[in-house]
Amino acid sequence: FPPKKAATAPRIPPTRLALHHFDVTYSLQLRDQWPSVRAGLLCEQKYGALLNNFSAVRHVAQELELLNATDFVSPAPKKEAGRGDGVSPEGSGEGRTAARAETVTRAETSPPLRASIRSNIRCYTFPRGDITRFRPARPDTLGLLDYYLMDAASLLPVLALNVQPDDFVLDLCAAPGGKTLALLQTGICGHLAANDVSVSRTKRLYQILHSYVPREIRETVRVTSYDGRDWGQLEGGTFHKVLVDVPCTTDRHSVMEQDNNIFHRRRTKERQMLPMLQLQLLMAGILATKPGGEVVYSTCSLSPLQNEHVIERAVEVAETQYNISVQVEDLSHFRTLFQDTFSFFSDCRLGELVLPHLTANFGPMYFCKLRRM
């Protein structure tokens, strides 16, 4: 008898499909950096411990410091203060003057981080190359957990948002809730709306708020499950600051986990439609912002199609379809402030991109700040 033929093609795991896709596309984008980034994606992720300012436990910072972890956020103002004083090592005379002029211009166009640093966010990380794991979070006497473990790079979009006292803030795609929790740690939001289209993911957001935030603060957060794309129609021109942390290919998850993997064959169409969804969400975020307000767009993908291209398209659509002028803000000082903790991609055209690296295995995390004029 002739050998039987398989009725269906052999199933290729979505993790392998994802890795093949990334090998083809990211090797062109990242060139000789891709092997290092690839190794980082395939190894255990590094975490940061976001301290819970609502917890009654006071010795946590001291405990973490004894383990050689440091708060990567707090030292930033000192670096910020010294940023304009340095001399460019490349040359003298004209080069120095140009560098200083650029620093002045940059300082004028992007407000210093001091305000967001002063806003009480503290996140501890272990040094480069140190792969120590944090212990699980512990409750205080009221049952509030002492810290939240997250990819420390996920805090960068929140710091970039630079929340000011009494700002009305919208977290448009808030679940599972790490960035919402970080926004609450600032202690200065005048009003915080946290939205996520997924009802099941919104339950996870409620759980995090319940585990970390006292009831009187929790009750001031408005949690909703609207389709974020409709927010511009629901509440246009309302918020001072909007965070748009969009669904994406979640590159690290895609190469590591079979469950809920967007590279599953049945989700091909959904994956191809991501840039359109991301653009619609970013547009809704821009429309929800008051004139003069700011939007931070973020993904956990390395893909330019989901990152810079979405930004460029949004600026264009805002201008042509809504007659709204949107300015991309310069965040290059983040590279200087946080270069000891994260590996940044130096060739990002718009915004900033944290690359996974074996010695600092955070990210990927792309973030870009827009101002509605």
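Below: a short report on this structure. (Residues numbered from 1 in each chain as written. Predicted model: local features only at pLDDT ≥ 70, side-chain atom pairs only at ≥ 80, totals over all residues. Heavy atoms only, no water.)

Okay, the layout of surface pockets next. Over the atoms rolls a probe the size of a water molecule, and its path tells where empty space is left. Space inside the largest pocket adds up to approximately 1500 Å³. Lining the largest pocket are 48 residues, with Ala175, Pro176, Arg201, Thr250 and Cys300 sitting closest to its centre. Elements represented by at least two residues in the lining of the largest pocket include exactly β4 (147-150), α8 (178-185), α12 (251-256) and α14 (274-288). Of all the elements, α12 adds the most residues to the lining of the largest pocket, at 4 residues. Partitioned by chemical class, the residues of the lining of the largest pocket number 24 nonpolar, 11 polar and 13 charged. (1 Å grid on protein atoms, 1.4 Å probe; cavity = no way out; pocket = protein on both sides within 12 Å on 5 of 7 lines; lining within 4 Å. Points joined across faces, edges and corners; volume = space filled by probe spheres on them. Helix = DSSP H or I, 4+ residues; strand = E, 2+ residues; numbered from the N terminus. Nonpolar A, V, L, I, M, F, W, Y, C, P; charged D, E, K, R; others polar.)

It is worth spelling out the pattern of salt bridges at this point. Within this structure, the stated rule accounts for 18 salt bridges. In this structure, Glu63 engages Arg135 in a salt bridge whose closest nitrogen and oxygen atoms are separated by 2.8 Å. Of this pair, Glu63 sits in helix α3 (residues 60-66) while Arg135 is found in the loop between β3 (123-125) and β4, placing the two residues 72 residues apart along the sequence. Accessibility expressed as a relative area gives 22% for Glu63, which makes it partly exposed. One salt bridge connects Lys369 with Glu294, and the closest N-O pair in it is separated by 3.4 Å. Of the two residues, Lys369 is situated in strand β13 (residues 365-372) and Glu294 in strand β9 (residues 289-299); the sequence distance between them amounts to 75 residues. Relative accessible area serves as the criterion here: at 4%, Lys369 is assigned to the buried category. (Salt bridge = Lys/Arg side-chain N within 4 Å of Asp/Glu carboxyl O. Buried < 20%, exposed > 50% of the residue type's maximum accessible area, 1.4 Å probe, protein only.)

A few words on the pairing of strand β5 (residues 168-171). Bridge analysis of β5 against strand β6 (residues 191-195) gives 4 bridges, and the strand direction is parallel. In the strand pairing of β6, Val169 is matched with Leu192. (Pairing = 2+ DSSP bridges.)

Once that is clear, we can look at the side chain of Ser198. Inspection of the secondary structure assignment puts Ser198 in the loop between β6 and α9 (199-212). Overall, the relative accessible area of 18% leaves Ser198 in the buried class. Looking at Ser198, its side chain comes within polar contact range of the side chain of Ser200, at 3.1 Å. (Polar contact = N/O pair within 3.5 Å; in protein donor to acceptor, adjacent residues only side chain to side chain.)

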